[in-house]
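Fold and contact review
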Amino acid sequence: MTGSLPTRLRDGELAVDTRGLTKRFGDQVALNDVTLQVPTGAVYLLVGPNGAGKSTTLKVLLDLVRAETGTAEVFGLNTRERAPEVRANVGYVPERPDWGYGWMRVGRLLEHHALYYPTWDASYAARLAQKFELRTDRKMGVLSKGQARRVHLTMALAHRPPLLLLDEPTDGLDPFMRDETLGVLADHLAESPTTVVLSTHHVEEVEGLADHIGVLRNGELRAQMSRDDLNVNLRRYRVEVPDGWSGVASLNGTVLRRLTAPREVQWTVWGPEAEIVQKLSGAGGTVREVVPLSLIDATLALLNPND
Amino acid sequence: MLISLDPQDTRPIYIQIVDEVRRALVLGTLAPDGPLPSVRDLAVKLRVNPNTVSQAYRELERQGMVYVRRGQGTYASPGQGDGVERRALAEGVAQRALHDARRNGLSADELIDAIRNYEGKHKHEESL
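Conventions used here
- Residues numbered from 1 in each chain as written.
- Chains lettered and ligands numbered in written order.
- Predicted model: local features only at pLDDT ≥ 70, side-chain atom pairs only at ≥ 80, totals over all residues.
- Heavy atoms only, no water.
- Helix = DSSP H or I, 4+ residues; strand = E, 2+ residues; numbered from the N terminus.
- Buried < 20%, exposed > 50% of the residue type's maximum accessible area, 1.4 Å probe, protein only.
- Contact = heavy atoms within 4.5 Å.
- Areas by Shrake-Rupley, 256 points an atom, 1.4 Å probe, with all protein chains shown as cover.
- Domains from an automatic or database assignment.
- Buried area = accessible area lost by both parts, 1.4 Å probe.
- Salt bridge = Lys/Arg side-chain N within 4 Å of Asp/Glu carboxyl O.
- Polar contact = N/O pair within 3.5 Å; in protein donor to acceptor, adjacent residues only side chain to side chain.
- Arc of directions from axis to C-beta.
- pLDDT = per-residue confidence, 0-100.
- Phe/Tyr/Trp six-rings, centres within 6.5 Å; stacked < 30°, edge-to-face > 60°.
- Lys NZ or Arg CZ within 6 Å of the ring centre and 35° of its normal.
- Core = buried A, V, L, I, M, F, W, Y, C linked by side-chain atoms within 4.5 Å.

The next subject is the overall build of chain B. Scanning chain B for helices and strands turns up 5 helices and 2 strands. Seen through its principal axes, chain B has C-alpha atoms that stretch 50 × 30 × 25 Å. Per-residue burial over chain B gives 30% buried out of 128 residues. In chain B, once contacts between residues fewer than 6 apart in sequence are set aside, the share between residues at least 24 apart is 52%. Total accessible area on chain B is roughly 8300 Å²; 50% of this is exposed by carbon and sulfur atoms.

And the structure:
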């Protein structure tokens, strides 16, 4: 790889701002120098393989996990020193539902949760419960993963917090409920100004909602950028080359992937399109196609560069 | 007017929405002074960020295809179904066809010839 991928956003008001978060569990590095920047009002998609550090990052923001070094701020509040205030401003859907309230009925849990949030909107909670087909008479402990997820989504959304931290929010939901959940989120964003950090394996599901993306791997935030930036700078180039082609010295960009066949090469490159096309043509290649990538393809290229 | 997105289309979503509205204007499924769906309704229907729909509507307004009545909503500008919008739509189709031709190593002339040939041969088969 030559060049590098963007790891800092351009100036702008940040709802979430972490600096150099590092965390180890035993000899396992969970987070390594993570500087997460989520602009106010953004829907920020946090992607990465299992164990990349997505859940840990979200937990640091709620002070459920403490980093060894680095700082984290949510709306300018230090998450360690002002944890109760931070939590009051956050709706959180954990990856693993907390079974501590297993004996409690869903309806009772919602009432209990409402007491902690002065901004709890009871009529909205009722509408969400209906949308999510919650059975309020059931005990939490007997719910399936998907049912519990829907209870947590209701709890997270109904107090209309300025920040939502959603850890795999559609995990365990059937396709119908997944789709319904995306509709609920779109509606929620239209109704209440909200910043969202969403971690998921189902990138294609949230393609329409996300306007920023961060790529975590082995505890490192490899890249973060706006979708606009991604749309402009990440391209796949398909190029016809002469027999015995000697290649191109530099592409003025970061080569993420290269596929070579006789007389044809395909590059996935982060960089300015016009300059890259010029370099390829100048080196004797015929550029046949330049295409932007779907979000899922872009994610895979950023996560698994194989130059 | 129906607005739908093609999951295979990698262009930004706001541009796809702009094109869908343009298409509806040219086809007449969105009548002059006809209402567009609210930002909220369209965002929910398409499962997209409401900001993206707002961005599309702002772009449509900038291009004069729609106008906003404060507090009421967004409406199609009259007299948009012909001329300029038709040409813009044709340009988009041409751009995609030419892109596909180049990818296959064909020139614009070869593409145009092929279209005329094909049309001549299939004139009686297709009503379009």
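Continuing now.
This next bit is on the domain arrangement of chain A. Residue and element names in this part refer to chain A. Its domain assignment divides chain A into domain 1 (14-225) and domain 2 (229-303). Domain 1 and domain 2 are separated by 36 Å when their C-alpha centres are compared. Listed as interface residues are 13 residues of domain 1 and, on the opposing side, 9 residues of domain 2. Carbon and sulfur atoms supply 79% of the area that domain 1 and domain 2 bury against each other, a total of about 940 Å² over both sides. At the boundary of domain 1 and domain 2, one finds 0 salt bridges. One can count 2 residue pairs in polar contact (both at pLDDT 80 or more) joining domain 1 with domain 2.

For an α-helix the count is 3.6 residues per turn, leaving residues at separations of three or four pointing the same way. Residues and elements named next belong to chain A. Taken as a whole, helix α4 (residues 122-131) has its buried residues at Y124, A125, L128 and A129. Buried positions in α4, seen along its axis, are confined to an arc of 140° and lie on one side of it. Where α4 ends, the next residue or the one after it, E133, has phi of about 50°, a positive value.

The next thing to look at is the confidence of the model for chain B. Detailed reading of the predicted model is not advised wherever pLDDT is low. Of all residues in chain B, 95% have pLDDT values of 70 or greater, and the mean over the chain is 90. Both scores are given for the predicted complex: the pTM is 0.92, the ipTM 0.90.

All names here are of chain A. Looking at the secondary structure, you find D174 in the loop between β8 (163-167) and α6 (175-191). Take D174: its relative accessible area is 38%, and that puts it in the partly exposed class. Along the chain, D174 and V106 lie 68 residues apart, while their C-alpha atoms are 20 Å from each other. A distance of 3.0 Å separates a polar atom in the side chain of D174 from the backbone nitrogen of F176.

Now for the packing of aromatic side chains. Residue and element names in this part refer to chain B. Under the criterion given, the structure shown has 2 aromatic pairs over all chains. With a centroid separation of 5.9 Å and 25° between ring planes, the pair formed by Y67 and Y75 is classed as stacked. Overall, the relative accessible area of 23% leaves Y67 in the partly exposed class. The residue whose ring lies beneath R69 is Y75, and the NZ or CZ to ring-centre distance is 4.2 Å.

Residue and element names in this part refer to chain A. Counting 56 residues, the largest nonpolar core has L45, V151 and L230 as its most contacted members. Taken together, domain 1 (14-225) and domain 2 (229-303) each give at least three residues to this core, which thus spans both. In contact with L45, not counting residues within four places along its chain, are L198, T200, V203, V206, A210, H212, I213, G214 and L295. Core analysis: the second largest hydrophobic core is formed by 27 residues, L31, A42, A52 and V60 among them.

Glancing now at the interface of chain A and chain B. At the interface, 24 residues of chain A touch 16 residues of chain B. Together, the buried faces of chain A and chain B total about 1600 Å²; carbon and sulfur atoms form 51% of this surface. Connecting chain A to chain B are 4 salt bridges. Among the salt bridges present, the one from A:E191 reaches B:R40, with a minimum N-O distance of 3.3 Å. The interface formed by chain A and chain B holds 6 residue pairs in polar contact (both at pLDDT 80 or more) in total.

Although it is not a glycine, A:R160 adopts a positive phi angle of roughly 45°. By secondary structure assignment, the location of A:R160 is in the loop between α5 (145-157) and β8. The exposure class assigned to A:R160 is partly exposed, which follows from its relative accessible area of 24%. For B:R47, which is not glycine, the phi torsion reads 60° and is therefore positive. If you trace the backbone, B:R47 turns up in the loop between α2 (39-46) and α3 (50-62).

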